[in-house]
Every structure is written in structure tokens, then in C-alpha cells.
Amino acid sequence: MADVVIRGGSVVTPEATIRADVAIEDGMISAVGPELPGGRKEVDATGRIVFPGVIDVHVHFNEPGHTEWEGAATGSSALAAGGGTLFFDMPLNSIPCTVNAHEFDRKRAALEQSAITDFALWGGIVPGNLSEMAELAERGVVGFKAFVCHSGLDEFPRADDLTLFEGLKEAARLGLPVAIHAENHELITALSKRMIAQGRQSIRDFLESRPVIAELEAIQRATLLAGEAGAKLHLIHVSSGRGVAMAAEARSRGVDVSIETCPHYLFFTGEDVERLGAIAKCAPPVRDKAEQENLWAELLRGAVDIVASDHSPSSPDRKAGEFWSAWGGISGVQSTLPFLLDRAYHQRDLPLQRIASLVAAEPAQRFRIADRGRIVPGAAADLALIDIGASFVLKREDLLQRHPLSPYLGVSFRGIIQQTIRRGETIFADGKAAVRSGGKLVRPQIR
């Protein structure tokens, strides 16, 4: 007898959405099919979608060191409220940053104590830590992150071209991907300095100080270096349709590159930032409507591999004051799946299987997390139960992150996550977290 049977839902499998039951034993899916035998516990999913747990490959939960900005307890609770069961934490903005094995161990210990979802950890590539990468790989990092422009945090300096190229070659030797924040440092720095000198510090001026060409040049350089190094490249938070097209063209030439974008680039435009202020400030910035439509077109044609939140919160005081000096990061870990259900599935007819690929199957495959991302026998029982037709308006009291700051407040979404299950255990239900901890480190299968 199974431990749990989820009965009568519409199950999003890799092939199709089917009416089926899901049986769970020892935290793993043991069977998927119609009218399965009874379990010790049964969950009635009639009328609901049974969706694979979201894998968010790009979050900044800032623990240890900046937990006053977020922390894994609140961040993972918000992820679970959005149907998430696994997150990949970036090497910054925790202090010290995760650029060596010692800091990996500290972060792992902290997250095991506080996270309610499972987690994986990114390591960093910064000047001077090339010799640390092998030990980080042994510890189980899912990949390495580099900035080719200023990261916003002095403790995580940008990778110059030599640092990046040598880091790519070492990552290739270790069999791990490199994630790159792609913006041309010299261009955006010079534009920003000139605008400040001219007294041009409006929100529109900030958006123009980080133009699309800065992203395109950095993508071109990163794909060239990665191809020469034989490395796996992951381009994070690509903000423009032209950026996706350029990366996809490199892929067609044999570069091993995956492409990530974020909900805020598909939802907000520069006009929204002017209306909302610093709560919608990020880097790269959101673009104009025409570029946004280009990005949607690339996603709908299948060129985008992964949608991740890039949840990058701060304390409220760092979002106050002058726009140019405010923290550049958007808090959205709870809204990724609701956004895709509403804007992609309901409004643009993107199939549920494709959405599941963007937030679950492809993240698991790209980063070699073998037992996650799909609802199939033998996979971990990571699931989200969704009322696909129900609508809600996001309110401050709904947010489970540390600070109730989000540009999505007041937005209406169609598709309510009612329950999230991690390895067979309910971690979110009835609008609140159902456990206090229990997350564990997930390692990639490299060899």
C-alpha cells in the first residue's frame, strides 16, 4: 500500500496532461495512472492540476550574512507558496560570498537548519579563486556564477576576460556550467558616469544607462569564450528578445548554452518602472514594450529554456530614497508560476507541459538533477496542486518572504497554488507554510 495517493487530478506529465492518480512511497513517485490502489492517506485532487514542483534556479536568499534582507526560512516558504520545491541559491548576496569550500559548508549548514524546500548551491567565479573551484565542485555546487559587470556587491568583484576564460575552462574540466550576468561593464559604467555628471538621474535615464546593446555585446563575448573553452554556459535573466535570439544562434553553431529569462521581463515595461519606482528596479532593467514582445515571441517559439525568479530582495530602507542609489533587485519568488499560469497559459495558450518544462523539467535536466522536475515513477514526489481556473489578487498579507515588497502587489492572477508537496510531505497549504524546516542539499550528477 502506498503512503499517499493523490486521487483524480489532471496530472501534467512530460507527454501530456492526463486524468490520473499519483502514488507516493518513501517520498518518491511509485506509480502514475488511473484508479490506482488505495493508500494509507489519500488526497482528493478532483478538479485540480497536479503540477511538478517548481525548481527556481536563480534566487538570492542571502544566508548567512544578509538575512535581514531575506533568509532561507522566509525565502523558501515564499517559494513553496508559489509551488516551488527546490531552489538554487546564488553565491551572493550572502556575506562572505560562496567562493570557496569553507563558505559553501557554512551556507549548507545554515540552509539545512532553515529551508523548508530542498536546495542546491551555486559557487562563484571571481578574480583569484580559480584554485578553489575544484573543491567547490567536490562539495556539490550546481555550477559557477560570474558577473562581467559590477555585481552591486563589492565583496563579489566582476570577472575580467582572463578570469572568465580561465574559469570557463576549469568549469569545463569539472563538468559544470557557468552562469553569467551579461552586461558590458565599460559601456554601462561610462554611460552612468556621464548621465550623473549631466544631472540626468531620472528613472528613464537609469533605464537608458543600461541599454540592450550592453546585454548583446556581453552575450556575444560570453558565447565566444564558452565555445572556445568547451564550457557549458547558462545565460541568466536575459531581458531582451534580441538577446535570446543571439544566444540561440550561438547554440545553433554548437555552443552549449542554455537561456534563462524572468517573469518581470515578460510582465513589466519601462513605463511600469517609472510608475512603481525602485520596487521594480533591477539589472538588466526591464525593457520597452516592443522588446518585451520580442522576448515573448522567443519564449513562445521555444528558444527560452528556463524561467526563474532572480529573487533579489533587500531591506526596505535600501529601496527607499533616490532611485539611482536604491537596491537593484526584484522580489518575485512567490509569483513565477502564478504569472506563467495567468499570462502564458490562460492569455497566450502556452501548454501546461511547456510551462512545466520551463520551471521544472528543463532546470532538472540542464543541471543534472536526475530525480526531479517530472511526474514519473522513480522521481521525487515534488508536486504542486493548482486550481487552474480560480483567480486571486496578490496582497501584502499573502507574501511569505521576509519583507512584503513586490511589484506584483495588486496584480490579479488566474491559477491558485493550493498545496505544495516536497518529497511526499506537504510543505505549504491553506495559505501558509506547513513545516518549519527539512530541506536538504541536492547535488548534480556530474559523472
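The shown structure was predicted, so the numbers you read here are calculated from the model rather than taken from an experiment.

About the cut-offs
Residues numbered from 1 in each chain as written. Predicted model: local features only at pLDDT ≥ 70, side-chain atom pairs only at ≥ 80, totals over all residues. Heavy atoms only, no water. Helix = DSSP H or I, 4+ residues; strand = E, 2+ residues; numbered from the N terminus. Rg over C-alpha atoms; globule rule 2.2 N^0.38 Å. Buried < 20%, exposed > 50% of the residue type's maximum accessible area, 1.4 Å probe, protein only. Contact = heavy atoms within 4.5 Å. Lys, Arg positive; Asp, Glu negative; His and termini not counted. Charge placed at Lys NZ, Arg CZ, Asp CG, Glu CD. Expected span 1.5 Å × (residues − 1). Core = buried A, V, L, I, M, F, W, Y, C linked by side-chain atoms within 4.5 Å. Pairing = 2+ DSSP bridges. Axes fitted to C-alpha atoms, helices over the stretch in contact; angles between N-to-C directions. Parallel < 35°, antiparallel > 145°, perpendicular 65-115°, else oblique. Bend = angle between axes of the 7 residues up to and from the residue. Polar contact = N/O pair within 3.5 Å; in protein donor to acceptor, adjacent residues only side chain to side chain. Phe/Tyr/Trp six-rings, centres within 6.5 Å; stacked < 30°, edge-to-face > 60°.

Asker: Just give me the short version of the overall build of the protein chain, but keep the residues and values in it.
Answerer: Along the backbone of the protein chain there are 13 helices and 17 strands. Over its C-alpha trace the protein chain gives a radius of gyration of 21 Å, about what one expects of a compact globule, namely 22 Å for 447 residues. Put simply, the protein chain has 447 residues, and 62% of those count as buried. Once local pairs closer than 6 in sequence are excluded, the contacts in the protein chain between residues at least 24 apart make up 75%. Positive and negative charge centroids in the protein chain, built from 48 and 57 side chains respectively, lie 0 Å apart.

Asker: Kindly report on helix α8 (residues 241-252), identifying the contributing residues and their values.
Answerer: Compared with the 16 Å implied by 1.5 Å per residue over twelve residues, the 16 Å span of α8 between its first and last C-alpha is a close match. Considered for burial, the residues of α8 that qualify are Gly-241, Gly-243, Val-244, Ala-247, Ala-248 and Ala-250. On the buried face of α8, the contacting elements are α7 (212-229), β11 (233-235), β12 (257-261) and α11 (289-300). Immediately downstream of α8, the backbone of Gly-254 shows phi near 105°, a positive value.

Asker: Describe the nonpolar core, listing the residues and the values that go with them.
Answerer: If you look at the biggest cluster of nonpolar residues, it comprises 96 residues, and the most contacted ones within it are Phe-51, Phe-144, Leu-235 and Ile-386. No other element matches α7, which puts six residues into this core. Phe-51 has contacts with Val-12, Leu-337, Leu-352, Ile-355, Ala-356, Val-359, Ile-375, Asp-382, Leu-383, Ala-384 and Ile-386, leaving out every residue within four places of it along the chain. Of all hydrophobic cores here, the second largest spans 17 residues; its members include Val-376, Ala-379, Ala-381 and Ile-421.

Asker: Summarise the sheet that holds β11; cite the residues concerned and give the values.
Answerer: Pairing is parallel in the open sheet, where eight strands are placed in the order β6-β7-β8-β9-β10-β11-β12-β13. Each of the sheet's edge strands pairs with one partner strand only, and the pair in question is β6 (54-59) and β13 (306-307). As paired elements, strand β10 (residues 178-181) and β11 share three bridges and run parallel to each other. Bridge assignment links Ala-179 to a residue of β11, and that residue is His-234. Of the strands in this sheet, β6 and β7 (84-89) are in contact with helix α1 (residues 72-81), which crosses β7 at around 135°. In this fold helix α4 (residues 161-174) packs onto β9 (143-147) and β10, with an angle of close to 155° to the strand it touches most, β10.

Asker: Account for the pairing of strand β14 (residues 383-393), naming residues and giving values.
Answerer: In this sheet, β14 lies alongside strand β5 (residues 49-52) in antiparallel orientation, the contact comprising four bridges. Bridge pairing in β14 places Ile-49 opposite Ile-386. Looking at chain direction, β14 and strand β15 (residues 412-422) are connected through eight bridges and run antiparallel. In the sheet register, Phe-392 faces β15, and the bridge partner there is Phe-413.

Asker: Which residues make up the packing of α11 against helix α12 (residues 336-348), and what values go with them?
Answerer: How two helices sit against one another is set out by the angle between their axes and by the gap between those axes. Between α11 and α12, whose axes approach to 13 Å, the crossing angle comes to 80°. If you check the angle between α11 and α12, you find them roughly perpendicular. For the pair α11 and α12, the contacting residues are Glu-293, Trp-296 and Leu-300 in the first and Phe-339, Arg-343, Ala-344 and Arg-348 in the second.

Asker: I'd like a description of helix α13 (residues 352-366), backed by residues and values.
Answerer: Working note: α-helix, 3.6 residues per turn, so residues spaced by three or four point in the same direction. If you check α13, its first and last C-alpha atoms are 19 Å apart, about what 15 residues at 1.5 Å a residue would give, namely 21 Å. Its axis deflected by about 50° at Leu-358, α13 carries its strongest bend there. Residues of α13 that are buried: Leu-352, Arg-354, Ile-355, Ala-356, Ser-357, Leu-358, Val-359, Ala-360, Glu-362, Pro-363, Ala-364 and Arg-366. Where α13 terminates, the next one or two residues include Arg-368, which has phi positive at roughly 60°.

Asker: A description of the side chain of His-181 should follow, citing residues and the corresponding values.
Answerer: Tracing the sequence through the fold places His-181 in strand β10. Within polar-contact distance, the side chain of His-181 engages the side chain of His-237 at 3.0 Å. Setting aside residues no more than four positions away along its own chain, His-181 makes contact with Lys-145, Ala-146, Phe-147, Val-148, Cys-149, Ile-236, His-237, Ala-283 and Pro-284.

Asker: So, the packing of aromatic side chains: which residues are in play, and what are the values?
Answerer: Aromatic rings considered in pairs are described by the distance between their centres and by the relative angle of their planes. Throughout the structure, instances matching the rule amount to 15 aromatic pairs. With a centroid separation of 5.4 Å and 80° between ring planes, the pair formed by Trp-122 and Phe-367 is classed as edge-to-face. Within this pair, whereas Trp-122 is found in strand β8 (residues 118-124), its partner Phe-367 is found in the loop between α13 and β14, the two being separated by 245 residues in sequence. The exposure class assigned to Trp-122 is buried, which follows from its relative accessible area of 0%.

Asker: Which residues make up the side chain of Gln-419, and what values do they have?
Answerer: Structurally, the position occupied by Gln-419 is in strand β15. Its relative accessible area of 13% is what places Gln-419 among the buried residues. Separated by 2.8 Å, the side chains of Gln-419 and Thr-426 make a polar contact. In this structure, Gln-419 is in contact with Val-43, Arg-48, Leu-383, Ala-384, Leu-385, Thr-426, Phe-428 and Ala-429, ignoring residues within four places of it in sequence.

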